[in-house]
Amino acid sequence: MRFPISVFLASALVCGPAFARDDQVQRGPVPRWVSPSEDLPVPENATGAVFVRHQDTLIHLDKQGQAQYTGYRIRILHPSALQLGNLSIAWNPAAGAPTVHAIRIHRDGEVIDVLKTAAFEILRREDQLEAAKLDGTLTAVLRIADLRVGDELEVALTIRTTDPTLGASDAGMLLIAPSPVPGRFLLGLSWEDRAEPQLRMTPDMNAFARKSEHALEVRLDNPATIVPPKDAPARYLWQRVVEYSDFADWAGISRRFAPFYTKAAKLPDASPLRREASRIAAAHAQPLDRASAALKLVQQDVRYIYVGLGNGNLVPATADETWQRRYGDCKGKTALLLALLGQLGIQAEAVLVNTGGGDDGFDQRLPSPRLFDHVIVRAHIDGAVYWLDGTLPPVVPPSATPIMPYQWVLPLTEQGSSIEQLAWQPAQRPDQITLYEIDARAGFDEPARITNTTITRGIEGLQQEMQLSGLAHDQMLGSFRQQLVGSTWQAIEDVQWRYDQKAQASVLTISGTGSVDWDDDGDGSRSLALPGGGFSPPERRTRSADQDQELPYANKPEFDCRVTTVRLPSTARPAGWTFKKGYDTQLFGRTYYRAFEQRDGAIRMIRGSRVEQKEIDAATAKKDNARIAAFDNSMAWIFYNPETSRTVESGTKNVPATYEIDWTADSVPCLAHASADAKAAAAAAAPK
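Residues numbered from 1 in each chain as written. Predicted model: local features only at pLDDT ≥ 70, side-chain atom pairs only at ≥ 80, totals over all residues. Heavy atoms only, no water.

Trainee: Give a detailed account of the pairing of strand S36 (residues 590–599), specifying residues and quantitative values.
Mentor: The buried count for S36 comes to ten of ten residues, which makes it a mostly enclosed element. Here S36 shows a buried face lined by Arg 590, Tyr 592, Arg 594, Phe 596 and Gln 598 and a second buried face lined by Thr 591, Tyr 593, Ala 595, Glu 597 and Arg 599. Note: strand S35 (residues 583–587) against S36, five bridges, orientation antiparallel. Paired with Gln 586 across the bridge in S36 is Thr 591. Bridge count for S36 against strand S37 (residues 602–611) is ten bridges, and the pairing is antiparallel. The partner of Thr 591 across the bridge, within S37, is Arg 610. Hairpin connection of S36 to S37: two residues between the antiparallel strands, including Asp 600 at a positive phi of 55°. (Buried < 20%, exposed > 50% of the residue type's maximum accessible area, 1.4 Å probe, protein only. Helix = DSSP H or I, 4+ residues; strand = E, 2+ residues; numbered from the N terminus. Pairing = 2+ DSSP bridges.)

Next up, the structure:
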């Protein structure tokens, strides 16, 4: 059962809570700064799983940091809600043990004190070891016995959420879920004298907020369900949120964190890393080559594992410590990389980023280090900027753009830097190219030789590299045979895989034999829908009448390319072939392109799709909605009629076959302009 009130206090940098000796759940009175809500009467016709008589989430800011009070009384109306009796408290022991004020069952006028007969069991939870994360988080669990439908469960507890690194300065947010269950809810933030944080709330909270000299409260009874605006950019999805921050600006966070990395990257005179840097310098003359070698050393020789013990949630381990133990998290690897680059005379700084893809609109948020979950390096080499991530596989070199599509980043500098927006442009290389070669020269009714190659870039390509690089050839071949043989594939003869570092792509090729689903159209005529050749029509971009009709619509950036070549049956007349028309159009900020050509005994087809605009305005969406009906969503059909006598076009190459060019190259003809460029280049290179 999820509660509709949430508090955002997760530790930054995927470097979670620390571990200390304070590992017991205490009993104690409710803090003086807490004023619990009065219970809302349960309606006679209450339906659903539960009714929340009250649920309070209160944050208090003091000289030590912040504490969170959670208190609720919930009527259980359905057996599915009995799971609320499985209580679990997770906390950062370095901040102090949780205090439980009450756990009671209210039943027919009787009040049962659960803690008189039950106690919490304390666990050290390391439930993310498979993800290489060791954070020392403690968990207390208690299973309430004899909980029944009709009971009211009351729980009240306080957890100190102070981060030892940030101390009294911190930030966070309180929010109410879009679809809450019925009941009474209270969000609260309080502070001591002269400690009022910056406050910001979404407009939908203003009517319910009450601010006093030392507190802000938002009370709602039976809050309505709200629906985020459909297909809007992420910055418009912030609803029913209260933000708070002790930081005056982003530069303050930058200045606070920068010394951590400066100190961690400092090397003593006897550090073995000085020798590693000297070795790199001797082997490589150019700064970019040196940076590449340093990055590969950190990626390959230091395994990734998150260690959030002590102050490990925000403070990096020293470069020497990380190198000695040969493992580290994003912070430790960043400090190690900064140390090596510093020894090589390369200017660089740590940069905080968000890997979750939700950083759209960070410039509209209050400054908070908790909005970031990762740290990488930005280096300045020969007048250009390069991004280096020590946690990625060793096939990823320094790059002019980060491999992840970050929108807002925070450089950590001694003087303090504000957040920066990274420029976006449409992808220059496809995220994925799928090549199908169907060799049907043996005839319509014979199995064809098939070669299928996928070229995958970005995070998906790296995931494939991690999955396949450790497999022996026979293991890979056996696995693909087991998965694929029996559908289109009749036999898989070979599987080849490599990671092309120049192309920054995972290249997987499967070859064998398979059936071709030629349709028999009678009188010797045949037809075939080429794999990968059709487009589904785009969906209409509309919103319900109660939503803001003028908000822009978001597109997820992507660039996909499909290339199919059919070597035609040798018994068929070349003039007997026809195919669907090509097209080149744009709808909702996305290009749709398809082209055919028959040449050299083969029909070639390219189908490309690329997002040209991350956002489109409402007027463009309305105009393109009217164009959907005319969108050509036909599959890529080719037709053979022995009675047809069509002149087969010839001339300068336009649509290359799967086997004619290097499809891992930076420029491939997956869109009309690229195809025209390739055609012009071929004409220029032709003998005069």
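Having seen the model, we can carry on.
Trainee: So what's going on with helix H2 (residues 272–283)? Which residues, and what values?
Mentor: For H2, with twelve residues, the first-to-last C-alpha span of 17 Å sits near the 16 Å given by 1.5 Å per residue. Turning to H2, its buried residues are Leu 273, Glu 276, Ala 277 and Ile 280. Seen along its axis, H2 keeps its buried residues to an arc of 95°; they face one direction. Residues Arg 275 and Ala 282 are exposed on H2 and point more than 90 degrees away from its buried face. Its buried side turned inward, H2 meets helix H3 (287–301), helix H4 (319–325) and helix H5 (330–343). With a side-chain oxygen positioned 3.1 Å from the backbone nitrogen of Leu 273, the residue opening H2 is Ser 271. (Expected span 1.5 Å × (residues − 1). Arc of directions from axis to C-beta. Contact = heavy atoms within 4.5 Å. Polar contact = N/O pair within 3.5 Å; in protein donor to acceptor, adjacent residues only side chain to side chain.)

Trainee: Explain a negative patch on the surface to me, using residue names and the numbers behind them.
Mentor: A surface patch of negative charge is lined by Asp 517, Asp 519, Asp 520 and Asp 521. In this structure, Asp 519 sits in strand S30 (residues 519–522). Owing to a relative accessible area of 35%, Asp 519 belongs among the partly exposed residues under this scheme. (Patch = residues over 30% accessible without salt bridge, like charges linked within 9 Å, V, L, I, M, F, W, Y side chains within 5 Å. Areas by Shrake-Rupley, 256 points an atom, 1.4 Å probe, with all protein chains shown as cover. Salt bridge = Lys/Arg side-chain N within 4 Å of Asp/Glu carboxyl O. Lys, Arg positive; Asp, Glu negative; His and termini not counted. Charge placed at Lys NZ, Arg CZ, Asp CG, Glu CD.)

Trainee: A description of the environment of Arg 255 should follow, citing residues and the corresponding values.
Mentor: Inspection of the secondary structure assignment puts Arg 255 in helix H1 (residues 250–264). Separated by 160 residues in sequence, Arg 255 and Gln 415 place their C-alpha atoms 6.2 Å apart. Those residues in contact with Arg 255, other than ones at most four positions away along the chain, are Asp 249, Thr 413, Glu 414, Gln 415 and Gly 416.

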